Amino acid sequence: SYSKAWKMIRNVEKSLGKPAVTRTHGGTEGGSAFLTEEGRLLLEKYMRFESKSRQALRKMFEEEFGNE
């Protein structure tokens, strides 16, 4: 949900000690949010981690089950 997503963002920012997202409050056209430089770097690191994790799991799976 929307509120859960913002709670997760606040937790990330608390852990970073820096804002990950800049926000503008709504008006007639609604608000907006953008990643800060810190947020962008964190997202890039996470995406690299996720990719490496998938590759490692694929390799382990093949080692265990590839010959069956």
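Data block above holds the structure.
Conventions adopted
- Residue positions are given per chain, counted from 1 along the sequence in the order it is written.
- Selection of residues for local features in this predicted model requires a pLDDT of at least 70, selection of side-chain atom pairs for listing and counting requires 80 or more, and totals for whole chains, interfaces and linings are taken over all residues.
- Computation of side-chain values covers all heavy atoms of the structure but excludes hydrogens and water.
- The helix count covers DSSP runs of H or I at least four residues long, the strand count covers runs of E at least two residues long, and both are numbered beginning at the N terminus.
- Note on method: radius of gyration uses C-alpha positions; expected globular size equals 2.2 Å times residues raised to 0.38.
- Only heavy atoms matter for contacts: two residues are in contact if any of them lie within 4.5 Å across the pair.
- To be clear on the numbers: accessible area is Shrake-Rupley with a 1.4 Å probe, and residue cover counts the displayed protein chains and nothing else.
- Counting rule applied: Lys, Arg positive; Asp, Glu negative; His and chain ends not counted.
- By convention, the charge on Lys lies at NZ, on Arg at CZ, on Asp at CG and on Glu at CD.
- One side-chain nitrogen of Lys or Arg within 4 Å of one carboxyl oxygen of Asp or Glu is enough to make a salt bridge.
- Residue exposure (1.4 Å probe, protein chains only): buried if accessible area is under 20% of the type maximum, exposed if over 50%, otherwise partly exposed.
- Polar contact is defined as a pair of N or O atoms within 3.5 Å, subject to the rule that within protein one atom must be able to donate a hydrogen and the other to accept it, and that residues adjacent in sequence are counted only when both atoms are side-chain atoms.

### A few points about the overall build of the protein
So, step 1. Check the secondary structure of the protein and you find two helices and two strands.
So, step 2. The secondary structure elements of the protein, listed N-terminal to C-terminal, are α-β-β-α.
So, step 3. Taking 11 Å as the expected radius of gyration for a compact globule of 68 residues, we find that the protein reaches 18 Å, considerably beyond that expectation.
So, step 4. Seen through its principal axes, the protein has C-alpha atoms that stretch 60 × 25 × 20 Å.
So, step 5. By sequence separation, contacts in the protein at least 24 residues apart represent 9% of the contacts at least 6 residues apart.
So, step 6. Accessible area of the protein: about 6200 Å², with a carbon and sulfur share of 58%.
So, step 7. Taking the 13 positively charged and 10 negatively charged side chains of the protein as two groups, their mean positions are separated by 8 Å.

### With respect to the side chain of Thr 36
So, step 1. Looking at the element boundaries, Thr 36 is found in the loop between strand 2 (32–35) and helix 2 (37–65).
So, step 2. Among residues more than four places away in sequence, those in contact with Thr 36 are Pro 19, Ala 20, Val 21 and Thr 22.

### Thoughts on the pattern of salt bridges
So, step 1. This structure, assessed with the given rule, holds five salt bridges.
So, step 2. Here Arg 40 ties to Glu 44 by a salt bridge, and the two come within 2.3 Å at their closest N and O atoms. With Arg 40 and Glu 44 both in helix 2, this residue pair falls four residues apart, about one helical turn.
So, step 3. Using a relative accessible area of 31% as the deciding quantity, one classes Arg 40 as partly exposed.
So, step 4. The exposure class of Glu 44 is partly exposed, given its relative accessible area of 31%.
So, step 5. Glu 50 serves as the salt-bridge partner of Arg 54, at 3.1 Å between the closest nitrogen and oxygen. Placement of the pair is Arg 54 and Glu 50 together in helix 2, with a separation of four residues, close to one helical turn.

### Side note on the environment of Arg 40
So, step 1. C-alpha separation for the pair Arg 40 and Val 21, spaced 19 residues apart in sequence, amounts to 9.0 Å.
So, step 2. Only 2.3 Å separates the side chain of Arg 40 from the side chain of Glu 44, close enough to count as a polar contact.

### Thoughts on the side chain of Glu 13
So, step 1. Summarising the element assignment, Glu 13 is placed in helix 1 (residues 2–16).
So, step 2. A distance of 3.1 Å separates a polar atom in the side chain of Glu 13 from the backbone nitrogen of Val 21.
So, step 3. At 3.0 Å, the side chain of Glu 13 and the side chain of Arg 23 are in polar contact.
So, step 4. Discounting chain neighbours no more than four positions away, the residues touching Glu 13 are Lys 18, Pro 19, Ala 20, Val 21 and Arg 23.

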